[in-house]
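Take a look at the letters that make up each chain.
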Amino acid sequence: MYLTKEEEAIYNGEHGPTLQKMMEILVALGDIYGADRLIPVKSAQIAGVSYKTIGDAGLEWIESLEGKAAVPAVLNPMGMDRDAWADMGIDRQFAEKQEQILKAYEKLGIKAECTCTPYYLERPKFGDHLAWSESSAVCYANSVLGARTNREGGPSALAAALVGKTANYGLHIRENRYPTVTVRVKEPIHGVEYGALGYVVGPRVGDGIPIFDLKGTPTEDELKHLGAALAASGSVALFHVLHVTPEQYILPPDRMEVERQELASEDDWEVPKRYFLPRNKIEVDMGGVRKLMGGQAEPDLIALGCPHASKEELEAILTALNGRHVKKEVWVCVGRSLGAKNKAIVDELRRHGIRVIYDTCMVVSPAASRFRRMMVNSGKALKYVPSMCGVDAVLGTTEECIEEACR
Amino acid sequence: MIYKGRTISKGRAMGLALVSKDPISFLGGVDPKTGDVIERGHALYGKNVKGKVLVFPGGKGSTVGSYVMYQLKKNGVAPAAIVNVRSEPIVAVGAIISGIPMVDSLSVNPVEAIKDGMAVTVDGTSGTVEV
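Residues numbered from 1 in each chain as written. Chains lettered and ligands numbered in written order. Predicted model: local features only at pLDDT ≥ 70, side-chain atom pairs only at ≥ 80, totals over all residues. Heavy atoms only, no water.

> Now, about the UniProt feature "active site" (unreviewed entry) in chain B: what can you tell me, with residues and values included?
Residues and elements named next belong to chain B. According to UniProt, the "active site" (unreviewed entry) feature falls on Ser62. Within the secondary structure, Ser62 sits in the loop between β4 (53–56) and α2 (65–74). Those residues in contact with Ser62 that sit more than four places away from it in its chain are Ser25, Leu27 and Ile90. (UniProt positions renumbered as here; feature names shortened; annotations may be inferred. Helix = DSSP H or I, 4+ residues; strand = E, 2+ residues; numbered from the N terminus. Contact = heavy atoms within 4.5 Å.)

> Describe in detail empty space enclosed by the protein, supporting the description with residues and values.
All names here are of chain A. Enumeration over the complete set of coordinates arrives at 3 cavities of 30 Å³ or more. In this structure, the second largest cavity encloses a volume near 60 Å³. Taken together, His225, Leu304, Gly305, Cys306, Pro307, Ala309, Glu313, Ile317, Asn377 and Thr398 make up the full set of residues lining the second largest cavity. In terms of residue class, the lining of the second largest cavity is built from 5 nonpolar, 4 polar and 1 charged. (1 Å grid on protein atoms, 1.4 Å probe; cavity = no way out; pocket = protein on both sides within 12 Å on 5 of 7 lines; lining within 4 Å. Points joined across faces, edges and corners; volume = space filled by probe spheres on them. Nonpolar A, V, L, I, M, F, W, Y, C, P; charged D, E, K, R; others polar.)

> I'd love a proper account of unusual backbone geometry, names of residues and values included.
Residues and elements named next belong to chain A. Residue Pro307 is bonded to the preceding Cys306 through a cis peptide linkage, with omega at -10°. Mapped onto the fold, Pro307 is located in the loop between β10 (301–304) and α11 (311–321). Residue His243 is not a glycine yet carries a positive backbone phi of 65°. Given a relative accessible area of 42%, His243 falls into the partly exposed group. The backbone phi angle of Asn322 is positive, close to 50°, even though this residue is not glycine. Relative to the helices and strands, Asn322 resides in the loop between α11 and β11 (329–334). (Buried < 20%, exposed > 50% of the residue type's maximum accessible area, 1.4 Å probe, protein only.)

> Which residues make up the sheet that holds strand β9 (residues 281–284) of chain A, and what are the values?
All names here are of chain A. Sheet architecture is open: 4 strands sit in the order β8-β7-β6-β9, paired in parallel fashion. Looking at which strands have only one partner, the edges of the open sheet turn out to be β8 (240–241) and β9. Each of β6 (181–185), β7 (210–213) and β9 is contacted by helix α7 (residues 192–205), which is oriented at about 155° to β9, the strand it contacts most. (Pairing = 2+ DSSP bridges. Axes fitted to C-alpha atoms, helices over the stretch in contact; angles between N-to-C directions.)

> Provide a residue-level description of the nonpolar core, including the pertinent values.
Counting residues in hydrophobic clusters, the biggest one holds 134 residues, and the most contacted among them are Leu197, Phe212 and Met362 of chain A together with Phe26 of chain B. By residue number, the principal contributor to this core is helix α2 (residues 17–33) of chain A, which donates 8 residues. Beyond its immediate stretch of four places on either side in the chain, Phe26 of chain B contacts Leu54, Phe56, Gly65, Val68, Met69, Leu72 and Val91 of chain B. Listed in part, the 25 residues of the second largest apolar core include Leu304, Val334, Leu338 and Cys406 of chain A. (Core = buried A, V, L, I, M, F, W, Y, C linked by side-chain atoms within 4.5 Å.)

> Give me the lowdown on the interface of chain A and chain B, citing residues and values where you can.
Taken together, the 20 residues of chain A in the interface contact 19 residues of chain B. Approximately 1,800 Å² of surface area, both sides summed, lies buried where chain A meets chain B, with 67% of it carried by carbon and sulfur atoms. On the chain A side of the contact with chain B, Ile32, Ala57 and Trp61 of chain A bury the most area, a combined 29% of that side's loss. Summed over the shared surface of chain A and chain B, the number is 1 salt bridge. A salt bridge links Glu60 of chain A to Lys74 of chain B, with the shortest nitrogen-to-oxygen separation between them at 3.7 Å. (Buried area = accessible area lost by both parts, 1.4 Å probe. Salt bridge = Lys/Arg side-chain N within 4 Å of Asp/Glu carboxyl O.)

Structure follows, in structure tokens:
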């Protein structure tokens, strides 16, 4: 891999041992994946935050580093709400270790904002290169916003944050971003059905790049749930939606002849709709997908906000409450800044008995495992809750979840 | 005999070879306190990695494995050096953050060319392995 003089100097330790290690990580990964050079990133989002995951070794490593982030950097959700851990039933020892980890990151100039929706803090622009870790955030940035990021591991995202660069491979390169499989859904779908669709299609797509041919136009929140579930049940890091997501219209002229051969039929080729649909197809039976929903529920926890809720989703919960006070335990997970920015809505939700928790979630918090059955409105949570918390999960719409909470 | 390979993690170390035909997951595969290989059915099950030049095809399993390697180093039971057939990110990153010299992509298959107990010197900086 080609390094500039300055990068070479960092690699040789002329800027101190921390940056040297970080550069070694970037170079090793670049060599493994065949990158030609390093490219600047606009921001980083770093996994490896929960004490449950990285343990004392991870903590010690982060504490041993010195330096300051070269680009804006935030963290992945952690095991608890920094201010409300006691309320969540987290023990003191865990909380202290968790706090130590946050402090170690803060010392490196990384914001202790622990969210899987960093795009609500600062929305990346089309074509921006990023170094993000969390699978649903990666999927959203690539697919919905047209930014470019691979799914970084914790140390490599941290390296990118401190150096301000990442290796140029994978999804940073346009030619690696074309769709590989067409997914056709023949009837209109709404809300939670997008998460359910992702849950069902993910394993069939694997690490491919699907392009969805849908009836109707999904909202950004619906795309968020589709991507989060695709990333959780498969390992999708980029998807396209015909006529909706930003990237399918930018096929370069020199690729057009190639693409033309892969068209489903000649009729699909209409300028200016310069998309193509790969021949490899998945036809989705929504009847089967809907079977994921509406079973016998009887949950003892209703948990919303996976990925972390948007302002619109908070409003939808408030609307569904319609003035009622919840009778069951209800969590809504959001990023701290988004909560602070929408304090009026958050206060209102809390007044109705809902626990709005910051910077953690039902999947990563050890506090979730004391429940028996969780009702969620997210395909991603449906996938992860049983395996990661050892808790049964059922899927419902936001409205059904709130009805159940008020019953 | 000196084999030329590729630098993954810099530094130089020597030790006796411990060769595995199976990939290694450090998370759940190696006890971070003792360096014992604890994955049942693994080619190295029951052996210890401490001070060895660990030769194996590549990593597998969870990315947390990188931190387990760091823990091994802190506990003084890490391998002295690592030689992989094809390196992948988990072990590569683990070796770098732990300061364990590591080389991959040799001109020969190291899992076949190197035998258990051979004295091996790994120079991660120049990307060479001397047997």
